[in-house]
Amino acid sequence: MASREGVRALLRQGLDYESAAAALGIGAGVAYMVATGLPADRSDHLGEEREGAREGSTQLLAEQPPGPEVDNRETLAWLRRRAQADPGMRGGR
Amino acid sequence: MARRAGAARWPLLGQLAGPDRLGRGAAARSPVSASLRPRVASADRVVKSICPYCAVGCAQNVYVKDERVVQIEGDPDSPVSRGRLCPKGSATLQLTTGPSRRHQVLHRRPFSDDWETLDLETAMDMIAERVIQTRAETWEERLGDKKLNRTMGIASLGGATLDNEENYLIKKLLTALGVVQIENQARVCHSSTVAALGTSFGRGGSTTCLQDLQHADCIVIEGSNFAEAHPVGFQWVMEAKARGARVIHVDPHFSRTSALADTYVPIRAGTDIAFLGGIINYVLAEERYFRDYVLAYTNAAVVVGPDFRDTEDLDGLFSGFDPESRQYDSSSWQYEGLELTNPASGNEELTPYREGGAGTGHGESHGSGGPALKSGVPERDPSLQNPRCVFQILRRHYSRYTPEMVEEVCGVPRDQFLEVCRALVENSGRERTSAFAYAVGWTQHTVGVQYIRTASVLQLLLGNIGRRGGGIMALRGHASIQGSSDIPTLFNLLPGYLPMPYAHTHERLRDYIAAERVDKGFWAEMRSYMVSLLKAYWGAAAGEDNDYCFDYLPRLTGSHSTYETVFEQLEGRCRGYFLLGENPAVGSANTRLQRFGMAQLDWLVVRDFSLIESATWWQDGPEIASGEMRTREIKTEVFFLPAAAHTEKSGSFTNTNRMLQWHHTAVEPQGDARSDLWFMYHLGRLIREKLAGSTEPRDRPLLDLTWDYPVEGPLREPSAEAVLAEINGFDAEGRPLGSYTELRDDGSTACGCWIYCGVYKDGVNQAARRRPAQEQNWLGPEWCWSWPANRRVLYNRASADPQGRPWSERKRLVWWDPERLSWVGDDVPDFVADKPPDYRAPEGARGAAALEGDDPFIMQADGKGWLFVPNGLVDGPLPTHYEPQESPFQNALYRQQSNPARQLRPHPLNLYQPSGELPGSEVYPFVATSYRLTEHFTAGGMTRWTPYLTELQPEFFCEVSPELARERGLEHMGWVTIISARSAVEARVMVTERMTPLRVQGRTVQQVGLPYHWGPNGLSRGDSANELAPVALDPNVHIQEVKALAVDLIPGRRPRGEALRQLVREHRRRAGVTEATGTRL
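As the structure is a prediction and not an experimental result, all values here were calculated from the model.

## Brief notes about the overall build of chain B
Reasoning step 1: For chain B, the count of helices and strands is 34 helices and 37 strands.
Reasoning step 2: Taken over the C-alpha trace, chain B has a radius of gyration of 28 Å; the compact-globule value for 1081 residues is 31 Å, and the two agree within 12%.
Reasoning step 3: Within chain B, the proportion of its 1081 residues that are buried is 71%.
Reasoning step 4: Counted over contacts in chain B with a minimum sequence separation of 6, partners at least 24 positions apart contribute 74%.
Reasoning step 5: About 32,300 Å² of surface is accessible on chain B, with carbon and sulfur atoms providing 49% of the total.
Reasoning step 6: Of the charged side chains in chain B, 118 are positive and 135 negative; the average position of the first set lies 4 Å away from that of the second.

## Considerations on the domain arrangement of chain B
Reasoning step 1: Its domain assignment divides chain B into domain 1 (2-35), domain 2 (110-182 + 497-642 + 656-725) and domain 3 (903-1071).
Reasoning step 2: Once you take the C-alpha centre of each, domain 1 of chain B and domain 3 of chain B turn out to be 59 Å apart.

## Regarding the side chain of Ser961 of chain B
All names here are of chain B.
Reasoning step 1: In this structure, Ser961 sits in the loop between β30 (957-960) and α33 (962-968).
Reasoning step 2: Classification of Ser961 as buried rests on a relative accessible area of 0%.
Reasoning step 3: Sequence-distant contacts of Ser961, defined by excluding residues within four places in its chain, comprise Val991, Thr992, Met995, Pro997 and Gln1006.

## Side note on unusual backbone geometry
Residue and element names in this part refer to chain B.
Reasoning step 1: Of note, the bond from Trp787 into Pro788 is cis; its omega dihedral lies within 30 degrees of zero at -5°.
Reasoning step 2: Mapped onto the elements, Pro788 comes out in the loop between β25 (785-786) and β26 (814-817).
Reasoning step 3: In this structure, Cys784 is a non-glycine residue whose phi angle is positive, near 55°.
Reasoning step 4: Of note, Cys784 is situated in the loop between α31 (720-728) and β25.

## Some words on the pattern of salt bridges
Residue and element names in this part refer to chain B.
Reasoning step 1: Here the structure, examined in full by the defined rule, presents 78 salt bridges over all chains.
Reasoning step 2: For Arg187, the salt bridge goes to Glu183, with nearest N and O atoms at 2.5 Å.
Reasoning step 3: Note on Arg187: relative accessible area 0%, which makes it buried.
Reasoning step 4: Taking the shortest distance from any N to any O, the salt bridge between Glu1066 and Arg1069 comes out at 2.6 Å.

## Comments concerning the nonpolar core
All names here are of chain B.
Reasoning step 1: One finds Phe275, Met530 and Phe679 to be the most contacted residues of the largest nonpolar core, which totals 278 residues.
Reasoning step 2: Counting contributing residues per domain, this core is built from domain 2 (110-182 + 497-642 + 656-725) and domain 3 (903-1071), each supplying no fewer than three.
Reasoning step 3: Not counting chain neighbours up to four residues away, the residues in contact with Phe679 comprise Met124, Ile127, Phe578, Leu580, Val605, Arg607 and Leu641.

## Considerations on the packing of helix α9 (residues 191-201) of chain B against helix α20 (residues 448-461) of chain B
Residues and elements named next belong to chain B.
Reasoning step 1: In contact at an axis separation of 8 Å, α9 and α20 are set at 35° when each is read in the N-to-C sense. Crossing hand, α9 versus α20: right-handed. Contact residues: Ser192, Thr193, Ala195, Ala196, Leu197, Thr199, Ser200 and Phe201 in α9; Gly448, Val449, Ile452, Arg453, Ser456 and Leu460 in α20.
Reasoning step 2: For the contact of α9 with α20, a count of residues per class yields seven nonpolar, six polar and one charged.

## Digging into the sheet that holds strand β11 (residues 263-266) of chain B
Residue and element names in this part refer to chain B.
Reasoning step 1: Taken together, the five strands give an open sheet; going across it, the order is β11-β10-β9-β14-β15, and neighbouring strands pair in parallel fashion. Strand pairing shows two members of the sheet lacking a second neighbour, β11 and β15 (472-474), which therefore form its edges. Adjacent strand axes in the sheet meet at a mean angle of 15°, parallel and antiparallel pairs treated alike.
Reasoning step 2: Summarising the sheet, strand β9 (residues 218-222) and strand β14 (residues 434-438) pair through four bridges and their orientation is parallel. Bridge pairing in β14 places Ile221 opposite Ala437.
Reasoning step 3: Along the sheet, α9 makes contact with β14 and β15, crossing β15 at roughly 155°.
Reasoning step 4: Strand contacts of helix α13 (residues 272-285): β9, β10 (246-251), β11 and β14, with the helix running at about 155° to β9, the strand carrying the most contacts.

## A few points about the interface of chain A and chain B
Reasoning step 1: If you look at the interface, chain A gives 32 residues, while chain B gives 53 residues.
Reasoning step 2: Contact between chain A and chain B buries roughly 3,200 Å² in total, counting both sides, with carbon and sulfur atoms accounting for 55%.
Reasoning step 3: Here chain A and chain B share three salt bridges between them.
Reasoning step 4: Notably, a salt bridge pairs Asp86 of chain A with Lys535 of chain B, separated by 2.8 Å at the nearest N-O pair.
Reasoning step 5: One can count 13 residue pairs in polar contact (both at pLDDT 80 or more) joining chain A with chain B.

## Quick word on helix α17 (residues 403-410) of chain B
Residue and element names in this part refer to chain B.
Reasoning step 1: Along α17, the residues that are buried comprise Pro403, Met405, Val406, Val409 and Cys410. Summarising the axial view, the buried residues of α17 lie within an arc of 155°, below the 170-degree limit, and thus occupy one face.
Reasoning step 2: Those residues of α17 that are buried are in contact with α13, α18 (414-426) and β33 (998-1000).

## Structural notes on the packing of aromatic side chains
Reasoning step 1: Under the definition given, this model contains 45 aromatic pairs over all chains.
Reasoning step 2: Relative to Tyr709 of chain B, the ring of Trp78 of chain A lies with its centre 5.6 Å away and its plane at 40°, an arrangement referred to as tilted. Of the two residues, Trp78 of chain A sits in helix α5 (residues 73-84) while Tyr709 of chain B sits in the loop between α30 (700-703) and β23 (711-712), which places them in two different chains.
Reasoning step 3: What makes Tyr709 of chain B buried here is its relative accessible area of 3%.
Reasoning step 4: A ring pair is formed by Trp523 of chain B and Tyr529 of chain B, whose centres lie 6.4 Å apart and whose planes are at 40°; its orientation type is tilted.

## Thoughts on the sheet that holds strand β22 (residues 659-663) of chain B
Picture the strands of a sheet paired through backbone hydrogen bonds; they go either parallel or antiparallel.
All names here are of chain B.
Reasoning step 1: Read across the open sheet, the three strands follow the order β21-β22-β25; overall the sheet is antiparallel. Single-partner strands in this sheet number two, and they are β21 (651-654) and β25.
Reasoning step 2: By the bridge criterion, four bridges tie β21 to β22 in an arrangement that is antiparallel. In the strand pairing of β22, Phe653 is matched with Gln661.
Reasoning step 3: Where helix α7 (residues 164-176) meets the sheet, its contacts fall on β21 and β22, and the angle it forms with β21 comes to roughly 95°.

Reading the values: rules and limits
Residues numbered from 1 in each chain as written. Chains lettered and ligands numbered in written order. Predicted model: local features only at pLDDT ≥ 70, side-chain atom pairs only at ≥ 80, totals over all residues. Heavy atoms only, no water. Helix = DSSP H or I, 4+ residues; strand = E, 2+ residues; numbered from the N terminus. Rg over C-alpha atoms; globule rule 2.2 N^0.38 Å. Buried < 20%, exposed > 50% of the residue type's maximum accessible area, 1.4 Å probe, protein only. Contact = heavy atoms within 4.5 Å. Areas by Shrake-Rupley, 256 points an atom, 1.4 Å probe, with all protein chains shown as cover. Lys, Arg positive; Asp, Glu negative; His and termini not counted. Charge placed at Lys NZ, Arg CZ, Asp CG, Glu CD. Domains from an automatic or database assignment. Salt bridge = Lys/Arg side-chain N within 4 Å of Asp/Glu carboxyl O. Core = buried A, V, L, I, M, F, W, Y, C linked by side-chain atoms within 4.5 Å. Axes fitted to C-alpha atoms, helices over the stretch in contact; angles between N-to-C directions. Left-handed = near helix turned anticlockwise from the far one by under 90°. Nonpolar A, V, L, I, M, F, W, Y, C, P; charged D, E, K, R; others polar. Pairing = 2+ DSSP bridges. Buried area = accessible area lost by both parts, 1.4 Å probe. Polar contact = N/O pair within 3.5 Å; in protein donor to acceptor, adjacent residues only side chain to side chain. Arc of directions from axis to C-beta. Phe/Tyr/Trp six-rings, centres within 6.5 Å; stacked < 30°, edge-to-face > 60°.

Following this line, the structure appears as structure tokens:
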């Protein structure tokens, strides 16, 4: 079982949480919780200074990346078509 | 062996026998707990979303597995909610996936006694046919020689629970159809806010953001139960308190907000102007105003014309009041040396209801642009000694609002009142700031706009606007009620608070612009905003040669608010009705009137999650029970169309502090459930197909409408992002615009809502940004996007002194950097970024160039905060205490009892009670006020069908004091019947010291608390408090008075059937109620 000292030791070696967790066979979020005592998804926790605690968001240690991927190409193409259909916008009316 | 292994699994033995003898790790886990996995861990994806309930706008993570939502949790990255959700937000999994949701279209034929199922395609076709037919039969092309181009035969209600993009399509399509009766919850909740804040500061939105409350040194919460109605937002009040701030709660009803405050002040409902006016008097009398701020940033020094007479001179009336029409002529309120350009907003001569005293104020059109003033330089007296300067008028106006008078009117003891005064003045000034937070406890009165105006005056005097930890926080109650005001589904507004045109004043675009624009500040560019909107609506059809299709806009002839619509229904003129996520049979004043109105319709379309009361009144409503309606005699054809949840569509909500937050589609809606974007888009498509080739002039606005949105997925859902891009605006090449300063009035730009311009800057959906709060400053500027221009604290130029230096280091927010020659700070400056503090406008300058370097209110016609409102409101330039429409007390300050300009609609179904000293008022001796609970939401459509929430708050109840319980023989947990001139309802009795008896005018007044969420449908059922309320409205914005009523109580359950009506009639007989009662000036 992963211990706090075990995770921290790996972090001190320069590993990030993802790598440390992989080495220990646990999830990155669990590794974060073991090392800091804080849930990686920050449930009911507003941030305090602890060894190993990250300053930024740690949600991704515990969860899937958010989806869906946003693709704006269709919207931008549609805007261009809308403008092209309106010659008055270019002084043509 | 197996036996030993089994024993080892026994936790205690395993712990003692293993390496973890202290039980701090593995030994503490049983095999069962070891096998457990969080639901979120196995999710296929996490989708970013926003809570669909109140307007705090808590961020959510939606977890999806196998194309089903399996969990919804708070998103800790949000700078506003920080991962928290209230009970409602926590129950959204059940709201969106629970068994109470309907997924099939239902149809009730005229005179039928039951529903039938109907396929969605057929239903859409039938609805399109009904719209076309009703529109054709009720089309009004002209009124005399004036163009109307409209139908009064169709109305729509709802939008505050919907996305901005949905509101945009509702307004766009219905406007093109000539429908003017387009309304949403903003009318009945916060329309007062827009007019009050707009006329005071230039914009109608909350002046600050929730996170900024943490910096306040004192927070006064009044007219709001902040902790229970906006629980997650309240964390910022607690942050402030933890930093040493003083928290004060002023409210008729002790709640968890009161419990968490340092000071709780019980007050008689309906008297807040007297209370706040008393503080203003204290501030002025004790010389505790922030003189430098007041002199530089407000209109205190401006001299008012010699004809102005105050309520002190006319015993409760201002000059210009016409008792015949019950309307003010505001000419005498104007500044010395300036003339009026835009007469007191909206007193339109064609108003059909004028005889009834109804004004048609369009104070809301100052939601992002203050009222007009004629160009020129008003006379000023910087010494503030001129008896006609605003400062001296203010001093005289409030001089009798003494602590003793406050006690007499409000029931607040003198010492407690002075404690509040001292707390405010000691926490305001250069080094300290105070904030106000309010909600519908202030807005829902016949003088609701002036409630908020009073706080605005006070905050300007104290120098608390535009400053870190200052401001006025308008706590709005629906996920996008701010958005449905900005992109309005409101009868009198176009997107961006551009006013809808009136028939006789706005014949041509130039007339409209001339009537509405100002010379100074950004509202001077309103022609650019308007032309760009018309281009967004009508594209290639809109050109200079046809006034950019300005004639396509239907015309107003008076107030067409949701309450007028009900009377239109009763009179048979309004025949078709869309209800889009709103439940007026529970949520509007005089719900009985609402049902009688709907019973006169030809057709009704209800789009919601469940069979709300507004969908089923014909089958099982209270009037069916009383025998006043018979199902088989009701002609109304009803369509019920199931709605998609927020997890089933993409779009943006605008939260209470003007922040647009995008939520992504997590899963496709099931069955016939569809988004309102889908519904409006495809309804428009069908109607356009059916009318294709029409040569009728009335069909041109519809056929020329730009309605080419790309559709996606198997359901052919229109692209919400494309709609957002149109709202944002684009140039002639189709490039998204970055700022409203890029808009042009020559037709070369299109923009669906000028104040939202920038939300799609650089082709990026700025509202979808999710940079974690921990990675940026406390305002979270890269979390989503706020209007205007991503500013989080409005008027923040005022956080610096006239020379551009912070008033104090402790309160620095935005300041002038002389080296960079720019305004800098934590927030986006609400000012021209490179305009130095010593800039003086050259003679003849217009628009933004006419704003001087120390004019922080950039949307105002003079760049100043308005203590005195010479133009823009129809019931007076200064807030004045009037008693509610129905009150057990006489006005102690003036002979004038109630707001003289209040809007009344006496009708056999809308009778008023005697008030004050009038005979019969003793029949209704108790003051009632309604409010919200944490576990329920508005009219209950999103909570009373949710088991978790109904278990938490299962029943309608009435809070009474122990003294009142003894007086009326009420037992805790027993029943009480509450009676008004409209109806009677029953509730469980909660005997509690949370309701404080008050001493008012030498006698004790008892107050009664009524949560208003219930109705006869759902899992948790009960009577609706709004059955009791009359339609009595604020004349500026047509909001109803439901926060201060007069009622009677009797022990026990109410009678059933005809006996219920008999009870109400008997009370009316005793009180002498007739149609004329309560209508006296």
